[in-house]
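In case you want the letters, here they are:
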Amino acid sequence: MTDQSVRIIEAALRLYMKKPPHEVSIGEIAREAKVSKGLVFYHFESKQKLLEEAVFMLSKKCLRNSTPAVRKKLLIMVSGLLRKGESL
């Protein structure tokens, strides 16, 4: 993963904290990351793929220092988020 793609994911996560992913546009993410929309699509083939990568990155960070019970709950939550994101 490149520095640019990490910056885009981090920008997306900041915006997802303010409103649901389906309400966040690629343009908003690009502005937040200070990149062009084209660069977002260069790194992520779709809005859905960006959401999946963002959830994956956040999950990895959370899983590093969690207990088995917390890991199980997190995996359930992530699965639900990805299912809801299918209609993006």
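Before reading further, recall that the structure is shown in the block above.
Keep in mind that what you see is a predicted model, and the values were worked out from it rather than measured. (Residues numbered from 1 in each chain as written. Predicted model: local features only at pLDDT ≥ 70, side-chain atom pairs only at ≥ 80, totals over all residues. Heavy atoms only, no water.)

Focus on unusual backbone geometry
Moving on, step 1. Of note in this structure, Lys-34 is not a glycine but carries a positive phi near 60°.
Moving on, step 2. Relative to the assigned elements, Lys-34 resides in the loop between α2 (26-33) and α3 (37-43). (Helix = DSSP H or I, 4+ residues; strand = E, 2+ residues; numbered from the N terminus.)

Things to note about the nonpolar core
Moving on, step 1. Within the largest apolar cluster, 22 residues are counted, with the highest numbers of intra-cluster contacts made by Ile-8, Ile-9, Tyr-16, Ile-29, Val-40 and Leu-50.
Moving on, step 2. Elements supplying a minimum of two residues to this core: α1 (3-16), α2, α4 (47-64) and α5 (68-85).
Moving on, step 3. Ranked by the residues each element gives to this core, the list is headed by α1, at seven residues.
Moving on, step 4. Apart from the residues lying within four places of it in its own chain, the contact partners of Ile-9 are Met-1, Phe-44, Leu-50, Glu-53, Ala-54 and Met-57. (Core = buried A, V, L, I, M, F, W, Y, C linked by side-chain atoms within 4.5 Å. Buried < 20%, exposed > 50% of the residue type's maximum accessible area, 1.4 Å probe, protein only. Contact = heavy atoms within 4.5 Å.)

What to know about the packing of α1 against α4
Moving on, step 1. One can describe the packing of α1 onto α4 by two numbers: an axis separation of 9 Å at closest approach and a directional angle of 90°. For the element pair α1 / α4, the angle class is roughly perpendicular. In this structure, α1 uses Val-6, Ile-8, Ile-9, Glu-10, Ala-12, Leu-13 and Tyr-16 to contact α4, whose residues at the interface are Leu-50, Leu-51, Glu-53, Ala-54, Met-57, Leu-58 and Lys-61.
Moving on, step 2. Partitioned by chemical class, the residues of the contact of α1 with α4 number eleven nonpolar, no polar and three charged. (Axes fitted to C-alpha atoms, helices over the stretch in contact; angles between N-to-C directions. Parallel < 35°, antiparallel > 145°, perpendicular 65-115°, else oblique. Nonpolar A, V, L, I, M, F, W, Y, C, P; charged D, E, K, R; others polar.)

Observations regarding the pattern of salt bridges
Moving on, step 1. Inspection of every chain in the model, using the stated rule, returns three salt bridges.
Moving on, step 2. One salt bridge in this structure joins Glu-32 and Arg-14, with 2.8 Å as the shortest N-O distance. Here Arg-14 lies in helix α1 and Glu-32 lies in helix α2, a separation of 18 residues in the sequence.
Moving on, step 3. Judged by relative accessible area, Glu-32 falls into the partly exposed class, the value being 27%.
Moving on, step 4. Given the relative accessible area of 39%, Arg-14 is considered partly exposed.
Moving on, step 5. The closest approach of N and O atoms between Glu-53 and Lys-49, which form a salt bridge, is 3.4 Å. One end of the pair, Glu-53, and the other, Lys-49, are both in helix α4, four residues apart, so they sit about a helical turn from each other. (Salt bridge = Lys/Arg side-chain N within 4 Å of Asp/Glu carboxyl O.)

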